[in-house]
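# Examining the three-dimensional arrangement
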Amino acid sequence: MESPSAPPRRGHLPWQELLLAVSLLTFWNPPTTAQLTVESVPPNAAEGKDVLLRVHSLPGDLVGLSWFRGASLAPSRQILSYVVDTQVTIPGPAYSGRETIYPNGSLLFQRVTLKDTGYYTLQIVRRDVRIEEVTGQLRVFPDLPKPNITSNNSHPVENADSVVLTCEPQTQSTSYLWSVNRKSLPASARLELSLDNRTLTIHRVTRNDTGPYECETRNPVSAGRSDPFTLNVLYGRSTTGLPVGSIIGITVMVLVGQAL
């Protein structure tokens, strides 16, 4: 067994020297510069609300900064500029009167509209003449109204008619969901949804398809559910004691007789 005073083995540093080496590496390693970023607060905005494009890691050695609509720095798309030394704000061609620029670089939008959706670019000018830019995104969605269900056939005949149910109104960036009897739609070859899920087609309705049906609309800022909708499916015998099919046949014969 080695004595405690024995020199360290070749290839190994004593812990004091190792700690010193780590300290020197940490001291001489230059600190990383925080990256300039833009965050939308909130991330998804409701139409008519206020939204802030918040700037993070803004350098302190600034001469001025400017906001532009879009991902480019076209002069016609300039919204606002801010001169640091004089604290003067200069409106640009794309200024709508609803934007406010702050010394920390953030840009406030009041009463946003759907047309405000898009990309916005911040350009900063530093005292050493370096120019940097960063782009953020603003996402605006409508506050959805309560949906309702419409039908193309008020009195479908069992095993004869198809019915198309439509979830109204149609709105942009909206997801549509359907339920029947408070449950998800069952897997059935007779039930067909459109590509956007806004219409539900029931092929060859049966008495079990009466419902009630409900449609739900959703987007990132709101949701709505329709009142229950029930189909009036004609089947079996009518109040006259005749099958519904017979009544339809008799009606057709009467109409033909009147025409003759």
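The protein has the name Carcinoembryonic antigen-related cell adhesion molecule 6-like in an unreviewed UniProt entry, where Ursus maritimus is given as its organism. As stated in UniProt under Sequence similarities (unreviewed entry), the record for the protein gives "Belongs to the immunoglobulin superfamily. CEA family."

## As for the sheet that holds strand 10 (residues 131-138)
Strand pairs in the sheet, formed through backbone hydrogen bonds, run parallel or antiparallel to each other. Read from one edge to the other, the open sheet built from five strands follows the order 6-5-4-9-10, with strand pairing classed as antiparallel. Each having just a single partner strand, strand 6 (88-91) and strand 10 make up the two edges of the open sheet. In this sheet, neighbouring strand axes are inclined to one another by 15 degrees on average, regardless of whether the strands run parallel or antiparallel. The pairing of strand 4 (residues 62-69) with strand 5 (residues 78-83) spans five bridges and is antiparallel. What sits directly across from Leu65, in strand 5, is Tyr82.

## Quick notes on the sheet that holds strand 14 (residues 175-180)
Pairing in this open sheet of four strands is antiparallel, and the strands run 15-14-18-19 from one edge to the other. The open sheet terminates on both sides in strands that have one partner only, identified here as strand 15 (183-184) and strand 19 (222-225). In the sheet, strand 18 (residues 213-219) pairs with strand 19 via four bridges, with the strands oriented antiparallel. Residue pairing across strands places Glu216 opposite Arg225, the latter belonging to strand 19.

## Quick look at the state of the cysteines
A full pass over the atoms with the stated rule returns one disulfide. Two residues, Cys167 and Cys215, share a disulfide whose sulfurs are 2.2 Å apart. The chirality of the disulfide connecting Cys167 with Cys215 is right-handed, given an S-S dihedral of about 70 degrees. Taken as a pair, Cys167 in strand 13 (residues 163-168) and Cys215 in strand 18 lie far apart in primary sequence, 48 residues in all.

## Quick word on the pairing of strand 9 (residues 118-126)
In terms of burial, strand 9 is largely enclosed, as seven of its nine residues are buried. Pairing of strand 4 with strand 9 involves seven bridges; the strand directions are antiparallel. Among the inter-strand pairings, Leu65 is bridged to a residue of strand 9, identified as Ile124. Sheet topology note: the strand 9/strand 10 ladder contains eight bridges and is antiparallel. Residue pairing across strands places Tyr119 opposite Gln137, the latter belonging to strand 10. In this antiparallel pair of consecutive strands, strand 9 and strand 10, the connection spans four residues, and Val129 shows a positive phi of 75 degrees.

Conventions and cut-offs
Residues numbered from 1 in each chain as written. Predicted model: local features only at pLDDT ≥ 70, side-chain atom pairs only at ≥ 80, totals over all residues. Heavy atoms only, no water. UniProt positions renumbered as here; feature names shortened; annotations may be inferred. Pairing = 2+ DSSP bridges. Helix = DSSP H or I, 4+ residues; strand = E, 2+ residues; numbered from the N terminus. Axes fitted to C-alpha atoms, helices over the stretch in contact; angles between N-to-C directions. Disulfide = S-S within 2.5 Å. Buried < 20%, exposed > 50% of the residue type's maximum accessible area, 1.4 Å probe, protein only.

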